[in-house]
Structures are given as structure tokens and as C-alpha cells.
Amino acid sequence: MNEKPWMMSAPALTLFGVLLLVPLCMTFFLSFNSFGFYTGIENTVSMENYVEVVSDSYFWEIFGRTFAIALATTFFCALLGVPQAYILYRLSPAWRSIVVLIVIGPLLISVVVRTLGWAILLGNNGVINSALQNWGLIERPIKMMYTSGGIVLALTHVFLPFMVLAVWAALQRKDPAVEAAAESLGARPFTIFRRIVLPQVIPGILSGSLIVFSMAASSFATPAILGGRRVKVVATTVYDEFLNTLNWPLGAAIAMLLLASVMVIMLAWNRLVERRYGEALE
Amino acid sequence: MAFLEAHGLTKTYGETNAVDNLTFTVEKGSFVSLLGPSGCGKTTTLQMIAGFEDPTMGKIKLAGRDLSAIPARDRGLGIVFQSYALFMHMTVAENVAFGLEMRNVDKAERKRRVADALELVHLGHLANRYPRAMSGGQRQRVALARALVIEPELLLLDEPLSNLDAKLREEMQLELRRIQREAGVTTLMVTHDQSEALAMSDRVLVMEKGRLQQEDSPFEVYERPRTSFVSTFLGKSNNFEAELKSVTPTASQLLIAGRGLTGPSVNLKPGTVEVAVRPERIEIVDAADAVITGTVRERIFLGAQWMMNVATPLGDMLVIRRNAGRREAEIGDTVHLSWAPEHMRILPLNEVAA
């Protein structure tokens, strides 16, 4: 009788094991192999790939840029997402369902199509620069393609729904009467938002940040299209090592380092959230 | 002059009138309850006084000034919400200080007034706790202190005791009344609990379907209900139809189940009326004195009293008898019931019931 739950989850577990755990383990073991330009992958065990990544400032720069982009994306998602979620929460039910559709809209479009759309907008001869030049506001095009800023802009657009939904969930958990209570005590709408609503949705902001940060740090398609060869992030570097240099073991080591560092950041973040807000708000 | 006045207050949602032409006044310093079943419009009335809802029609005046143009945050009312609506991320003292902060009260003064308010509700020792670490009764007191610290002209209580368990509720009734009296604040409480309203209020406003049914002291509403609804909503009552034969300034002649009876005078025209008799006013008598005769159908012993359900030609009647240490009628026994004429309430016939 006790075996039944196991049997029922077996298909999902098989899928999970075959498609995630096996490749992950293979990548893990691959990262200890060595690579020769003429010999290809050699079945040896050493830490040389890790040593190479850690000791090369080139890789430090890429990791630094990746986390800076992820952090900036998280920041802007929170900055835009929190007010957006609050507006959503205050809307009438009929308007709310329309606005929810608009909010999750970006998720309905393929990442490549959406990113190419941004490329059309941001290019030196793109829509934004052409418009600004035609109005005479700028003389020379502002460089937006192939910059970290452009990547942050596009990633914020994609990941904003995750932040909005996380904060919205936190808003729905709170007692709706607290805002009325604050109002009756003489608080103005902005004060109510800052002093009463915002502190109560911080757990939502933190969990939304966790999702956005980890997805931004490992995003590939957007930085690949908008960053090109010049603005490399970890995910595009791994891609290049695998498919251009054909140095699979080095690519595997970079991938493992990205996985490990994102996990460390996520766990540390989660502990912070739980320690500070675990019981503060039921 | 009345302190709080509502004139022709009406709130319409779509086709229905949640509150229908409500007019009442509250005297300064008194404790008044708005009592009624859920959906009777009492909460909507409170929301309009608080400023969270705009009346469709009518006026609210507080101490002579019209409230309609004043937003909720500037009305300066103290409100205790049903859920307490405490700020969970702030300590008890921070919760209580919030209203003073919004009024730019300076720090020393703020500290003193917060301490006073917490002392009033007997929570001085818990000032630095967070609400999550407190019991329901303590949270209730915090909510009360937070509402009273701003020295409101009017305190509004929205079902303040409904989230507490029975024993605590009784305790808090006395406590709430003490605090209200000490603070001397005019209070309007919304409740669906008739015993709560009777126990705590100076005056009770009974509402049904958005309309005011009766406004009186607790004793008067219980003793002299003016409508069939009020007689059954407050306490238990035996209501039955009777024929009003004639009325004089001092008495009335009734025909109840074929028997002529003299009752108190009433301002009604002869015809079919409804008569209400409280179960504790019915006596068991000898056959010769009986108004009506019936059979005991059920009998419950409650310690201090007996409760009996007697099947009579007028329908089932509830009889409550004080336990005087004697044997009472058994189930199946025939009993003769009677009541003094002055304990009859003659009401206009309730079209809805019957």
C-alpha cells in the first residue's frame, strides 16, 4: 500500500532523472576531464579547468558582469513590479483580469521574437535612435545595442511578471482592513503604501527577487542577441566553449561554477528571508 | 443637541437599498449599538460614518459639522475593526503611536500618550511585543488603544468581540464598557449579537433590511418591542395571531384561540394582530385559569431553569420556568398555560412571517 504514491510519481521522477539529473551529473564529471587541441577530450581527472577559470581575470569579468546584470534586472523588476502589483491589487475585478493579461503578456511571446523586437528598437538605426534624431534631440545615435544596459532593459521586461505575481500574492495574504485602519488614523495614500503596505509585502519582494535573479543570471537568448560577441555573460561563454572552441570540459566547469554560485546566493538569500520574515508575518 | 446625527441616510447598490432612509442620533458620551442580522445594513452605515463609503443620499453630522466633504483620514474617528487590522510589522507601541505620528505629535508627548493608552487597556507591560505573539483578547486591546490614543470624538466598533471565544467575550464586554466610560468617548458599536448589544449599550438601534426598526434603551427594546422582528430577534418570544376586538385608552380586548382576553392598550386599529409573549412570563396554572392548554413535547433541564416546548392550538410555545426545586411536568403531560395581560405585546401583523 505504501508503494502506491511512489508508483504514481514514478513517471515524473523518471522524466526528472533522465532529463535533468543525468545530464547534470555528466556535465559535472566532464568538467574534471582535460582537453587538448589535437587530442580532444581526454578521460583524466584533474581540477585544471576550475583553476583556469578562477585564475583568469577574463572569466572574473564575465562572472562579474553576469551578476551585475542579474542584480540590476532584479532591482528594476522590484522598482517597477511593486507599484504595478499594488495597482493591480487595488483595481476592480473586471479591470484586474485585463491588466493581469497585459502583465503576463511578455511570457506569451517567444523569447527570441521578443528579443529581436528589442534589437529593432535599440539599434543604432533602430526606432528609438531614429525618432530622437528626427526630433533633433540628439546628434549621434545613443549606443544601446551590445551594452549591458540594453540587456538589463530587455531582461527586466521579460522577468517583470514574476515579480508582479510574487508581490501580488503577498498583497492578497494581508488583511485588507489594515489600509482602512491606517487611513482612519490620518495617513495619506503614499504614507499608507510606504509605512503599511510595503513592509508587509517584503517577503513577496524577496521571493520574487530570488526567481528574477536566478533566471537573469542564467539567461542565454537575450544576452546572446543583444550582447553579441562583445558583451559576454556566463551562459553565452559556456555556449561558445561548447560549440565554437569545442572545449567541452572547460565549458562544463564554467557551467558548474555558475550553478554553484547561483545556488549559494539563493540559499543565503532564502536564509535571510526566513530569519527576518519567517514568523514576522503569518 | 445630539452629537452624531444621521439624516435620511441611504446607500444603494444597484437596485437594492443596503441602507434605507436611516435617521438617528447619538448623544455625547453614550454607548449606542447598531444591532441587526447580517446584511441588515449596519456595517454599511458604519462605513459611511467612517468615510470609507459615500452615502447615496442623506447627511451625517458630527458635533454640528457635515462630514460628507471630509475624507476618512481627516474625520479623526477611532475605529476598531472586526479583524483588528493591526500593523503586524510594528510593535504594540508603534501600532498605538502611528495615529499620533500622523498628527505630528512630538516625540515626548507621543511617548506619554502611548503609555497612557496602553495603561488604560492594561497592556503597559507588553509595549514592545509584536502582535503575532499575542492572544486574540490582547490584540483587541491593542486595536482599542490605537483607536483611543488619538482622542477621537467618536469611537466606532465593528463587531469588536466576534473573533473571541465565549468566555473571553463576556470578560471583554465588561472591559470594553469600563474603557469606554473611563475614556468618556461617544461610541457606536455594530453587532449582530443581541446579548452583546443589550449588555453594553445605553441605547440600541435595531435594524432590518436597511431600515431602523426600533430605537430604545436595552430594557425597553426587550420589554416593549414595536415590531414582530424586534420581538423575535432580541431574546426568545412566542408569537401568534390574535383578533383585536376593541381598544380603549387603558386596555384592549383580544380574542385568542376563541377565548376573550384583556390586554394592554395599543395604538392599532381592530383586526388581525400579532401577540408576543416571552417564554419566561408564561406560567403553568390550574385548568380553571388557563389561557391555553397543551402537551409537553420536549423538556430540557438547564440547571437554573427548565425549558419546555408545549404543543398548543396556537402552535408550539416555548416555556421557561425557574427551577424552584419542585417536580416539573414530564414529556407527554397536559399542561395549562397562562400569562398576565401586561406581559402581552400587541404588534402589527408581520406580513412576511406567518
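A brief look at the structure comes next. (Residues numbered from 1 in each chain as written. Chains lettered and ligands numbered in written order. Predicted model: local features only at pLDDT ≥ 70, side-chain atom pairs only at ≥ 80, totals over all residues. Heavy atoms only, no water.)

1. Re the overall build of chain A
Cut-off, in case you're wondering: By definition, any uninterrupted DSSP run of H or I lasting at least four residues is a helix, any uninterrupted run of E lasting at least two residues is a strand, and each is numbered from the N terminus. Using a 1.4 Å probe on the protein chains alone, a residue whose accessible area is under 20% of its type maximum counts as buried, one over 50% counts as exposed, and one in between counts as partly exposed. Residue contacts are defined here by distance: any two heavy atoms, one from each residue, within 4.5 Å place the two residues in contact. Only the protein chains shown count as covering a residue, and every accessible area follows the Shrake-Rupley method with a 1.4 Å probe. For the charge count, each Lys or Arg is scored as positive and each Asp or Glu as negative, with His and the chain ends excluded. By convention, the charge on Lys lies at NZ, on Arg at CZ, on Asp at CG and on Glu at CD.
Scanning chain A from N- to C-terminus turns up 12 helices and 2 strands. Ordering the α and β elements of chain A from the N terminus gives α-β-β-α-α-α-α-α-α-α-α-α-α-α. By the burial criterion, 44% of the 282 residues in chain A qualify as buried. Long-range contacts, defined here as pairs at least 24 residues apart, represent 68% of the contacts in chain A between residues at least 6 apart. A total of about 16,000 Å² of accessible surface is found on chain A, and carbon and sulfur atoms cover 70% of it. One finds the centroid of the 18 positive side-chain charges in chain A at a distance of 11 Å from the centroid of its 15 negative side-chain charges.

2. Brief notes about the sheet that holds strand β17 (residues 305-312) of chain B
By way of backbone hydrogen bonds, the strands of a sheet pair with one another, either parallel or antiparallel. All names here are of chain B. Note the cut-off: The rule for pairing is simple: two strands pair if DSSP sees at least two bridges between them. Here the axes come from fitting lines to C-alpha atoms, over the contacting stretch only for helices, and the angles between their N-to-C directions go from 0 to 180 degrees.
In space, the 5 strands of this open sheet follow the order β15-β19-β16-β17-β18, with antiparallel pairing throughout. Edge positions in the sheet fall to β15 (283-285) and β18 (315-322), since each has one partner strand and no second. Recorded for the sheet is a direction-independent mean angle of 50° between the axes of neighbouring strands. Note: strand β16 (residues 292-301) against β17, 6 bridges, orientation antiparallel. When the bridges of β17 are listed, R299 appears paired with M308.

3. Some details on the nonpolar core
Residues and elements named next belong to chain B. To keep things clear, this is the line we draw: Residue types Ala, Val, Leu, Ile, Met, Phe, Trp, Tyr and Cys, when buried and joined through side-chain atoms within 4.5 Å, form a set referred to as a nonpolar core.
Core analysis: the largest hydrophobic core is formed by 133 residues, its most contacted members being L4, I49, F87, L118, L144 and L156. When neighbours within four sequence positions are excluded, L144 is seen to be in contact with V80, V121, L155, L157, L176 and I179. Counting residues in hydrophobic clusters, the runner-up holds 25 residues, among them L261, V277, I292 and V335.

4. Topic: unusual backbone geometry
Residue and element names in this part refer to chain B. Backbone geometry at Y84 places phi at a positive 75°, although glycine is not the residue there. By the element assignment, Y84 lies in the loop between β6 (78-80) and α2 (92-102). On the basis of relative accessibility, which here comes to 6%, the residue Y84 falls in the buried class. Positioned with a positive phi, A257 is a non-glycine residue whose angle comes to about 50°. Turning to its location among the elements, A257 is positioned in the loop between β12 (251-256) and β13 (259-264). On the accessibility criterion, A257 (48% relative accessible area) is partly exposed.

5. Remarks on the sheet that holds strand β8 (residues 186-191) of chain B
All names here are of chain B. Strand order in the open sheet formed by 6 strands is β6-β7-β8-β3-β9-β10, with mixed pairing between adjacent strands. Of all strands in the sheet, those bounded by a partner on one side alone are β6 and β10 (211-216). Direction aside, neighbouring strands of the sheet carry axes that sit 15° apart on average. Of the pairings in the sheet, the one linking strand β3 (residues 31-35) to β8 comprises 5 bridges and is parallel in character. Across the sheet, L34 pairs through a bridge with V190, a residue of β8. Contacts from helix α1 (residues 42-50) reach β3, β6, β7 (154-158), β8 and β9 (203-208), with the element oriented near 145° to β7.

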